[in-house]
Amino acid sequence: MNVAKETAGYTATQILLHWVIAALVLFQLVIGEDIKPAYRAFSQHSSPQNDDLINANIHVYVGLLVLLLALWRLAIRLLRGVPAPPPEENMLFKRIAMATHFLLYLFIFGMPITGALAWYFDLDAMGEIHEFAKPIIIAVVGLHAAAALWQHFFVKSDVLVRMLRPAKQRMS
Ligand code: HEM
Ligand code: HEM
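In what follows, the accompanying structure is described.

Cut-offs used in this document
- Residues numbered from 1 in each chain as written.
- Chains lettered and ligands numbered in written order.
- Predicted model: local features only at pLDDT ≥ 70, side-chain atom pairs only at ≥ 80, totals over all residues.
- Heavy atoms only, no water.
- Axes fitted to C-alpha atoms, helices over the stretch in contact; angles between N-to-C directions.
- Helix = DSSP H or I, 4+ residues; strand = E, 2+ residues; numbered from the N terminus.
- Parallel < 35°, antiparallel > 145°, perpendicular 65-115°, else oblique.
- Left-handed = near helix turned anticlockwise from the far one by under 90°.
- Contact = heavy atoms within 4.5 Å.
- Nonpolar A, V, L, I, M, F, W, Y, C, P; charged D, E, K, R; others polar.
- Donors = N, O, S within 2.8 Å, 3.2 Å for Na, K, Ca; no water.
- Tetrahedral: all angles 85-135°; square planar, octahedral: opposite > 155°, others 65-115°.
- Buried < 20%, exposed > 50% of the residue type's maximum accessible area, 1.4 Å probe, protein only.
- Near = heavy atom within 4 Å.
- Polar contact = N/O pair within 3.5 Å; in protein donor to acceptor, adjacent residues only side chain to side chain.

1. Some remarks on the packing of helix H1 (residues 12-31) against helix H3 (residues 50-79)
In step 1: Between H1 and H3, the shortest axis-to-axis distance is 10 Å and the interhelical angle comes to 150 degrees. By the criterion of interaxial angle, the relationship of H1 to H3 is roughly antiparallel. Crossing hand, H1 versus H3: left-handed. The residues of H3 that touch H1, namely those facing Thr 13, Gln 14, Leu 17, His 18, Val 20, Ile 21, Leu 24, Val 25, Phe 27, Gln 28 and Ile 31, are Ile 58, His 59, Val 62, Gly 63, Leu 65, Val 66, Leu 69, Ala 70, Trp 72, Arg 73, Ile 76 and Arg 77.
In step 2: When its residues are assigned to classes, the contact of H1 with H3 shows 15 nonpolar, six polar and two charged.

Pasting the structure below:
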């Protein structure tokens, strides 16, 4: 995602949005299967049980909240920008980080959109893409988190710290 201006660091809002979205996506991955009984019932034109409907609504509204927060986050990124990758990082790792961030944005938009198309318009193909993405997201988020921890503990760059503390409050 090298489409934004470069800044000294992330703002408190950017940091809050990053971690709230991350928590909500992880929640969705864990409870994702709970929407299936109600989805199957609607697909077969029958009425889901009350508990199944409540579970489905939680998945739907948490997912739509992710979409809303992702829009806000992308707007800030485009208007204000994000910090440059650490200068000491080699070109290959910079490219991998950029591609990973691009994929993560694709997921936080793509998952709610494909889910909504399956849920509201009964488009099975969208439901299948939505399900197919699950292991890919887990792999990409795993790579992303491992890279952040590796940067912090082995490379000792400020990459993790700048996603925890807003730019103005940092000493450097
Ligand atoms: C960040 C947002 C979201 C994530 C990470 C997510 C994740 C998941 C996961 C992990 C599953 C279960 C897949 C499986 O068992 O293999 C699932 C199923 C499903 N989700 Fe989502 N979801 C999100 C947003 C939404 C939204 C906003 C809607 C609807 C408005 C939605 C509708 C569905 C439906 C209909 C299914 C069942 C698909 C099927 O059985 O074919 N999802 N989701
Ligand atoms: C579903 C979970 C996650 C998503 C969707 C996500 C998404 C993103 C995205 C898109 C960026 C690029 C910055 C931006 O444009 O806003 C980013 C940066 C970052 N993320 Fe995540 N992230 C997730 C989980 C995590 C986890 C678990 C960690 C740490 C263990 C982490 C650590 C970081 C760090 C340190 C940065 C800053 C990288 C830099 O400034 O170069 N993220 N994340």
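2. Overview of the coordination of the iron atom of ligand 1
In step 1: Protein ligation of the iron atom of ligand 1 involves His 59 (NE2) and His 130 (NE2), the donor distances falling in the range 2.0 Å.
In step 2: Each of the six donor atoms around the iron atom of ligand 1 contributes to a set of angles spanning 85 to 179 degrees, which defines the coordination as octahedral. Highlighted residues: His 59 in helix H3 and His 130 in helix H5 (residues 124-155), separated in sequence by 71 residues. Take His 59 and His 130: they sit in the same class, and that class is buried.

3. Focus: the coordination of the iron atom of ligand 2
In step 1: The iron atom of ligand 2 binds to the protein through His 18 (NE2) and His 144 (NE2), with metal-donor distances spanning 2.0 Å.
In step 2: Accessibility expressed as a relative area gives 25% for His 144, which makes it partly exposed.

4. Concerning the site of ligand 1
In step 1: Within the structure, ligand 1 sits among 23 residues, and Ile 35, Lys 36, Arg 40, His 59 and His 130 are positioned closest to it.
In step 2: Arg 40 is positioned with one of its side-chain polar atoms (N or O) 2.9 Å from an oxygen atom of ligand 1.
In step 3: Take His 130: an N or O atom from its side chain is 2.7 Å from a nitrogen atom of ligand 1.
In step 4: For the shell around ligand 1, the secondary-structure elements that each account for two or more residues are H1, helix H2 (36-43), H3, helix H4 (91-121) and H5.
In step 5: Here the shell around ligand 1 takes six residues from H4, the largest share from any one element.
In step 6: When grouped by side-chain class, the residues that make up the shell around ligand 1 number eleven nonpolar, seven polar and five charged.

So, to be careful, I would describe these as geometric facts and stop short of saying anything about function.
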